[in-house]
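# Summary of structural features
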Amino acid sequence: MESIGTPFLWLMFAGVVIVALLVDLVLMRHGGPHKVTFKEATWWSIGWVALALAFNAWLWWYSGQQLGAAEGERIGMEFLTGYLVEKSLAVDNIFVFLMIFTYISVPEEQKQRVLVIGIIAAIVLRAILIFAGAFLLAKFHWILYVFGAFLLLTGIKMISAAGKAPDLEQNPVLRWLTAHVQMTRGYHGSALSVIEGGKRLYTPLFIVIVMIGITDVIFAVDSIPAIFAITDDPFIVLTSNVFAVLGLRAMFFLLQGMADRFHLLPYGLAMVLMFIGAKMLLVDVYKIPIAVSLGIVAATIGTTIALSLLRPPPPAR
């Protein structure tokens, strides 16, 4: 697997992520369990985006110094496009997280803890999937066509499902968990399990964490092939992915009360997946320039957000 990832770059990336997570965890612990306000979520969201863009700018500059201006520009554009794609697809995660939290009635003060655990698990999981995907692509070029066809079909499926809320009551994982896991009747603070009558019982918070983890696995299967259409460099794939995931908690609280206003966004995300799938299928016929890909992705997401705000959804009957 060819990669720009030198030991120095990997150490820099790991250091930035570890420090950012520690600062986030320390501040969250200092604040204690509480309901996150829109203002707090806005500032955190701006901070995470600024951190990603700062790393992007530094990587662009450093690569240009080491490999030449043209290579630096290519690497910088690939990271930015990958970050935008992953950040956009993360919005779909958030809509499902909202449904899970609402369905299982998660207390406001516990949502932060669930999301932090989910983010750490997502980083580990995605790292494994990304290196596995990069290895397969390096060995079997035809896997690219499989990824492309999968994304194209996923985009078509998303369009047909847009506007329809997932039926969590029929979710096989949730049904199996509630049928086979002995649970308490209510929440016990931040505890995932308690001992009652000599038996270990799991709280609804444990079920929520499991559901969030499984949901992220499902979305990772969609989003990771998408970024391989942008670049096959494991370092760029992983770094852009991780920076997109790091801001997931803040983005959740930012969009928590606004999900219904972005009713057309699923169509935009579906079109992005279809475009990326087509890009993969055409890779040996015509390679779409990275700047064009960035423009199409940004324009598609921006247009569907703008149209959602200009044309509010019809009132529910």
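Worth saying up front: this structure is predicted, and the values here are computed from it rather than measured.

### Examining the environment of Ser88
With respect to the secondary-structure elements, Ser88 resides in helix H3 (residues 69–103). You can call Ser88 buried: its relative accessible area is 6%. For the pair Ser88 and Gly5, spaced 83 residues apart in sequence, the C-alpha separation works out to 25 Å. Those residues within four positions of Ser88 in sequence are excluded, and the remaining contacts are Leu269 and Ile301.

### Here's the deal with the pattern of salt bridges
Counting across every chain of the model gives three salt bridges. Note that Glu78 is salt-bridged to Arg74, the shortest N-O span being 3.0 Å. Linking Glu78 with Arg74, this pair stays in helix H3, spanning four residues, or about one helical turn. The partner of Arg126 in a salt bridge is Glu86, and the shortest N-O contact between them spans 3.6 Å. Of this pair, Arg126 sits in helix H4 (residues 108–139) while Glu86 sits in helix H3, and the two are 40 residues apart along the sequence. A relative accessible area of 3% means that Glu86 is categorised as buried. Here the salt bridges do not stand alone but share partners, grouping Glu71, Arg74 and Glu78 into one network.

### Quick look at the side chain of Thr154
Structurally, Thr154 can be placed in helix H5 (residues 143–161). In this structure, Thr154 is in contact with Asp222 and Leu273, ignoring residues within four places of it in sequence.

### Some remarks on a nonpolar patch on the surface
On the surface, a nonpolar cluster with roughly 480 Å² of combined accessible area is contributed by Phe135, Leu136, Phe140, Trp142 and Val146. When you line up the elements, Trp142 lands in the loop between H4 and H5.

### Thoughts on the packing of H3 against helix H10 (residues 265–281)
It is at 10 Å that the axes of H3 and H10 come closest, and there the two elements cross at 135°. Considered as vectors, H3 and H10 are oriented oblique to each other. Between H3 and H10 lies a crossing of left-handed hand. In contact with Val85, Ser88, Leu89, Val91, Asp92 and Phe95 of H3, H10 contributes Leu265, Leu269, Leu273 and Ile276. Grouping the constituent residues of the contact of H3 with H10 by class yields eight nonpolar, one polar and one charged.

### Quick look at H10
Look at H10: 24 Å from first C-alpha to last across 17 residues, which is about the 24 Å you get at 1.5 Å a residue. Extensive coverage of H10 is indicated by the burial of twelve of its 17 residues. Residues Leu265, Pro266, Gly268, Leu269, Ala270, Val272, Leu273, Phe275, Ile276, Gly277, Lys279 and Met280 constitute the buried set of H10. Considering only its buried residues, H10 is in contact with H3, H5, helix H7 (204–228) and helix H11 (290–310).

Calculation notes
- Residues numbered from 1 in each chain as written.
- Predicted model: local features only at pLDDT ≥ 70, side-chain atom pairs only at ≥ 80, totals over all residues.
- Heavy atoms only, no water.
- Helix = DSSP H or I, 4+ residues; strand = E, 2+ residues; numbered from the N terminus.
- Buried < 20%, exposed > 50% of the residue type's maximum accessible area, 1.4 Å probe, protein only.
- Contact = heavy atoms within 4.5 Å.
- Salt bridge = Lys/Arg side-chain N within 4 Å of Asp/Glu carboxyl O.
- Patch = residues over 30% accessible without salt bridge, like charges linked within 9 Å, V, L, I, M, F, W, Y side chains within 5 Å.
- Areas by Shrake-Rupley, 256 points an atom, 1.4 Å probe, with all protein chains shown as cover.
- Axes fitted to C-alpha atoms, helices over the stretch in contact; angles between N-to-C directions.
- Parallel < 35°, antiparallel > 145°, perpendicular 65-115°, else oblique.
- Left-handed = near helix turned anticlockwise from the far one by under 90°.
- Nonpolar A, V, L, I, M, F, W, Y, C, P; charged D, E, K, R; others polar.
- Expected span 1.5 Å × (residues − 1).

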